[in-house]
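# Structure at a glance
Below are the chains, spelled out letter by letter.
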Amino acid sequence: MSIIQTLPALEVLKAQAKRLRQSLTAEGNFISHSEALELLAHQHGYRDWNTLHAAAGNRPASPLALGAHITGLYLGQPFKGEIIALAQLNHGSHYRLTIDFDEPVDVVTFDSFSAFRKRVNCTVGADGKSPALTGDGKPQMVIAV
């Protein structure tokens, strides 16, 4: 199983370069915007901005993105949350992600017992459904994509 780290969208990369430039300028280290783009490319493991730009711009669109606010069902319970970690598996057929729920989700259906989850790790297909199933045969995680 190969793991490929997903690149942020071009708009996100450009915003990261802008924040990097602002942070360095605040510390008295002035750099140009193009220098910030080059530094950002190196941080992502690319030789220059043009190569990073091509890689980010030419890849197939991912149905999931780091920092995205999502909704769905976890163990049959509705949730809203944010994707705080994301890795593409098997060239996009599945994704490994960590979701931070806005409000804890009670994953137990018994009236006399509760077990709340605020953050979960899961694997989902490109359709947003987990291959792991609950006892009644439904996907453990369903993300609205």
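See the structure above.
Now for a description of the structure that goes with this document. (Residues numbered from 1 in each chain as written. Predicted model: local features only at pLDDT ≥ 70, side-chain atom pairs only at ≥ 80, totals over all residues. Heavy atoms only, no water.)

### Looking at the pattern of salt bridges
When the charged atoms of two side chains with opposite charge come close together, those side chains can pair. Defined as follows: By definition, a salt bridge exists where a carboxyl oxygen of Asp or Glu is found within 4 Å of a side-chain nitrogen of Lys or Arg. When accessible area is computed with a 1.4 Å probe and restricted to protein chains, residues below 20% of their type maximum are described as buried, those above 50% as exposed, and intermediate ones as partly exposed.
The full count for this structure, using the stated rule, is three salt bridges. When the shortest N-O distance is used, the salt bridge between D48 and R47 registers 3.6 Å. For D48, a relative accessible area of 18% puts it in the buried group. D100 is paired through a salt bridge with K118; the nearest N and O atoms lie 3.6 Å apart.

### Notes on helix α1 (residues 10–26)
In plain terms, the rule: We count a stretch as a helix when DSSP gives it H or I for four or more residues in a row; a strand needs E for two or more, and each element gets its number in order from the N terminus. For a helix, the expected span equals 1.5 Å multiplied by the number of residues minus one. The arc in question is formed by the directions pointing from the helix axis toward the C-beta atoms.
An ideal rise of 1.5 Å per residue puts 24 Å on 17 residues; α1 measures up with 24 Å between its terminal C-alpha atoms. Taken residue by residue, α1 has L10, L13 and A17 as its buried positions. The arc enclosing the buried residues of α1, seen along the axis, measures out at 60°, which places them on a common side. Exposed side of α1, more than 90 degrees from the buried face: E11, K18 and A26 are the residues found there. Backbone geometry just after α1 places G28 at a positive phi near 90°.

### Brief notes about the packing of aromatic side chains
To be explicit about the condition: When two rings of Phe, Tyr or Trp (its six-membered ring) have centres within 6.5 Å they constitute a pair, described as stacked for plane angles under 30 degrees, edge-to-face for angles over 60, and tilted for the intermediate range.
Within the structure shown, the criterion is met by two aromatic pairs. On the basis of an interplanar angle of 45° and a centroid distance of 5.8 Å, the ring pair of Y74 and F101 is categorised as tilted. With Y74 in strand β2 (residues 69–74) and F101 in strand β4 (residues 94–106), this pair connects stretches of sequence that are 27 residues apart. Across this residue pair, the class does not change: Y74 and F101 are buried. Consider the rings of F79 and F101, whose centres lie 4.8 Å apart with planes at 45°: the pair is tilted. Of this pair, F79 sits in strand β3 (residues 77–89) while F101 sits in strand β4, placing them 22 residues apart in sequence. Of the two residues, F79 and F101, neither departs from the other in class, the shared state being buried. By the ring-pair criterion, three or more aromatic residues cluster together here, those being Y74, F79 and F101.

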